[in-house]
Amino acid sequence: MGGFGNQLKTVFLMSLLTVLVILAGGAIGGRGGMQMAFIFALVMNFGSYWFSDKLALAMTKAEPISREQSPELYAIVEKLAYNADLPMPRLYMTPSPQPNAFATGRNPNHAAIAVTYGLMQLLNREELEGVLAHEMAHIKNRDILISTLAAVLAGVITTLANWGQWALMFGGLGGDDEDGASGFAALPLIILGPIAAMLVQMGISRSREYLADSTGAEIAGNSYGLANALQKLERGSAVIPMNINPSASHMFIVNPLNARRVVNLFSTHPPIEERVKRLYSMGRR
């Protein structure tokens with residue numbers, strides 16, 4: 001599936017999340033409950049989105065890296081920013097020995113790319129360029145915004161389900177037949193709604209990773225560097241653990257929790273072998 005196909009998949013999954021919100025709101029809290037849950041989730045996630053760079057960098061103990069400290073890193077990112085027609089992002093390094101990287105920031109003018117110490121030690125220049133191009137692609141595709149919108153919708157569903165659980169414990173759901181369903185009718189959504197929302201949200205994350213791979217290969221003009229890097233990063237993340245909150249694992253180019261054997265169904269990242277296969281099929285440009 002190419003870039004356009006991944007965009008369509010994202011639109012479909014976002015639409016599915018919206019439908020789940022409508023169904024959950026109607027069954028559990030009626031229109032009023034749905035509106036309250038939406039406002040609550042919007043406020044919480046808007047704050048996370050607005051301060052996404054500060055939160056992510058603090059969570060990973062990332063420190064700014066200067067041009068004098070890493071002239072090669074700056075040279076590569078400046079070239080990629082020019083190719084992508086993007087402003088130069090701020091550059092950071094985290095002290096983790098696990099080879100990994102992530103991009104953050106609410107828009108291209110407030111973007112940052114962080115690399116780990118382990119990444120800089122492991123990759124050659126072509127592979128490093130591939131990884132950094134992938135992160136530039138996340139910035140170009142505004143994936144922080146898309147993931148935040150998905151989190152808002154998933155948060156609404158989870159909040160409604162929690163309200164529904166409390167309502168069942170204390171006397172039922174819905175004020176009347178028009179504004180809310182009976183407890184038994186809403187029970188499947190209370191139980192399965194949050195699980196379905198989580199799976200759809202992870203599907204969106206995996207789709208954006210595929211898209212960032214293909215966009216990154218276009219920015220770098222070479223898909224082999226990223227393909228080779230992903231294989232090295234997968235092996236590295238499997239043997240070198242990273243002390244990171246699981247809620248932040250989706251930010252990284254490869255799952256930093258691979259050492260914990262995360263089940264694929266609940267992974268925010270697509271399989272490395274499939275990503276590599278798609279990248280090799282693109283060839284050099």
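Scoring rules and cut-offs
Throughout this description, residue numbers start from 1 for each chain and increase along the sequence as written. With the structure being a predicted model, the display of local features is reserved for residues of pLDDT at least 70 and the display and counting of side-chain atom pairs for 80 or more, all residues being used for whole-chain, interface and lining totals. Only hydrogens and water are set aside when side-chain values are computed; all heavy atoms of the structure are taken into account. Only Phe, Tyr and Trp rings take part, Trp by its six-membered ring, and two of them pair if their centres are within 6.5 Å. Stacked means planes under 30 degrees apart, edge-to-face means over 60, and tilted covers everything else. Secondary structure counts use DSSP, requiring at least four H or I residues in a row for a helix and at least two E residues in a row for a strand, with both numbered from the N terminus. For the exposure calls, accessible area comes from a 1.4 Å probe over protein chains only, and a residue counts as buried if that area is under 20% of its type's maximum, exposed if over 50%, partly exposed in between. UniProt positions are given in the numbering used here, feature names are shortened, and annotations may be inferred rather than shown by experiment. Contacts are residue-level and defined by heavy atoms, with any inter-residue pair within 4.5 Å sufficient. Just to be clear on terms, a salt bridge is a Lys or Arg side-chain nitrogen sitting within 4 Å of an Asp or Glu carboxyl oxygen. Interaxial angle, 0 to 180 degrees, is taken between N-to-C directions of lines fitted to C-alpha atoms, where a helix line uses only the stretch in contact. Roughly parallel means an angle under 35 degrees; roughly antiparallel means over 145; roughly perpendicular covers 65 to 115; every other angle is labelled oblique. By convention the crossing between two helices is left-handed if the near helix lies anticlockwise of the far one by an angle smaller than a right angle, and right-handed if it lies clockwise. Side-chain classes are defined by residue name, with Ala, Val, Leu, Ile, Met, Phe, Trp, Tyr, Cys and Pro counting as nonpolar, Asp, Glu, Lys and Arg as charged, and the others, Gly among them, as polar. By definition, two strands form a pair when at least two bridges between them are found by DSSP. For patch detection, residues must exceed 30% relative accessible area and be free of salt bridges, and they are connected within 9 Å for like charges or within 5 Å for nonpolar side chains (Val, Leu, Ile, Met, Phe, Trp, Tyr). Computed with the Shrake-Rupley method and a 1.4 Å probe, the accessible areas treat only the protein chains shown as cover for residues.

**Q** Honestly, the packing of aromatic side chains in this entry has me stumped. Any pointers?
**A** Between two aromatic rings, the relevant description is the distance of the centres plus the angle of the planes. Summed over the entire model, instances satisfying the criterion amount to two aromatic pairs. With a centroid separation of 5.1 Å and 65° between ring planes, the pair formed by Phe-102 and Phe-252 is classed as edge-to-face. Taken together, the residues span a long stretch of sequence, with Phe-102 in strand β3 (residues 101-104) and Phe-252 in the loop between α8 (224-239) and α9 (272-282) at a distance of 150 residues. What makes Phe-102 buried here is its relative accessible area of 1%. The class for Phe-252 is buried, based on a relative accessible area of 1%. Residues Tyr-224 and Tyr-280 carry aromatic rings whose centres are separated by 5.6 Å and whose planes lie at 40° to one another, so their mutual orientation is tilted. One end of the pair, Tyr-224, is in helix α8; the other, Tyr-280, is in helix α9, with 56 residues separating them in the sequence. Relative accessible area serves as the criterion here: at 23%, Tyr-224 is assigned to the partly exposed category.

**Q** Please clarify how the UniProt feature "active site" (unreviewed entry) in the protein chain should be interpreted in this entry.
**A** Taken from the UniProt record, the annotation "active site" (unreviewed entry) applies to Glu-135. When you line up the elements, Glu-135 lands in helix α5 (residues 125-140). Classification of Glu-135 as buried rests on a relative accessible area of 0%. If we skip the residues at most four places from it in the chain, Glu-135 touches Ala-101, Phe-102, Ala-103, Ile-113 and Ile-253.

**Q** Where do I start with the pattern of salt bridges in this structure?
**A** A pair can form between side chains of opposite charge whenever their charged atoms are brought close. All told, the structure shown has eight salt bridges when counted by the stated rule. Arg-208 is the partner of Asp-143 in a salt bridge, and the nearest nitrogen-oxygen pair spans 2.5 Å. Residue Asp-143 is located in helix α6 (residues 143-169), and its partner Arg-208 is located in helix α7 (residues 183-220); the two are separated by 65 residues in the primary sequence. Here the salt bridges do not stand alone but share partners, grouping Glu-209, Asp-213 and Arg-275 into one network.

**Q** Honestly, the packing of helix α3 (residues 71-84) against α5 in this entry has me stumped. Any pointers?
**A** A pair of packed helices is captured by two measures, namely the crossing angle of their axes and the spacing between those axes. Running from N to C, α3 and α5 cross one another at 45°; their axes reach a closest spacing of 10 Å. Comparing their axes, α5 and α3 come out oblique. When the axes of α3 and α5 are compared, the crossing they make is right-handed. Listed contacts from α5 to Glu-72, Leu-73, Ile-76, Val-77, Lys-79, Leu-80, Ala-81 and Ala-84 of α3 are Arg-125, Leu-128, Glu-129, Leu-132, Ala-133, Met-136 and Lys-140. The residue inventory of the contact of α3 with α5, partitioned by class, reads 10 nonpolar, no polar and five charged.

**Q** Looking at this model, I keep getting lost on the side chain of Asp-143. Mind explaining?
**A** Look at Asp-143 and you get buried, because its relative accessible area is 6%. Setting aside its immediate chain neighbours within four residues, Asp-143 contacts Ala-137, His-138 and Arg-208.

**Q** Is there a simple way to explain the sheet that holds strand β2 (residues 90-94) in this structure?
**A** Hydrogen bonds between backbone groups are what pair the strands of a sheet, and the pairing can be parallel or antiparallel. Strands sit in the order β1-β2-β4-β3 across an open sheet of four strands; the sheet is mixed. Every other strand in the sheet has two partners, leaving β1 (63-64) and β3 as the edge strands with one partner each. In the sheet, β2 pairs with strand β4 (residues 112-116) via five bridges, with the strands oriented parallel. When the sheet's bridge partners are listed, Met-93 is paired in β4 with Val-115.

**Q** I would appreciate a short explanation of a nonpolar patch on the surface in the present structure.
**A** Together, Phe-46, Trp-50, Phe-51, Leu-55 and Met-59 make up an exposed nonpolar region whose accessible area comes to about 500 Å². Of all the secondary structure elements, the ones that give two or more residues to the nonpolar patch are α1 (3-50) and α2 (52-59).

**Q** Is there a simple way to explain the pairing of β3 in this structure?
**A** Each regular strand shows side chains that alternate between the opposite faces of the sheet. Burial along β3 is two-sided: Ala-101 and Ala-103 and Phe-102 and Thr-104, pointing in opposite directions, are all buried. In terms of strand pairing, β3 meets β4 through four bridges, oriented antiparallel. Counted as the bridge partner of Thr-104 is Ala-112 from β4.

**Q** What should I look at first to understand the pairing of β2 in this one?
**A** Both β1 and β2 contribute to a ladder of two bridges, which runs antiparallel. Its bridge partner being in β2, Glu-63 is matched across the sheet by Met-93.

**Q** Help me understand unusual backbone geometry, please; the structure alone is not making it clear to me.
**A** Apart from glycine, the bulk of residues carry a negative phi angle, and the bulk of peptide bonds sit in the trans form. Notably, Lys-61 is not glycine yet its phi reads approximately 60°, a positive angle. Positionally, Lys-61 belongs in the loop between α2 and β1. Take Lys-61: its relative accessible area is 57%, and that puts it in the exposed class. Unusually for a residue other than glycine, Arg-142 sits at a positive phi of about 55°. Assignment of secondary structure puts Arg-142 in the loop between α5 and α6.

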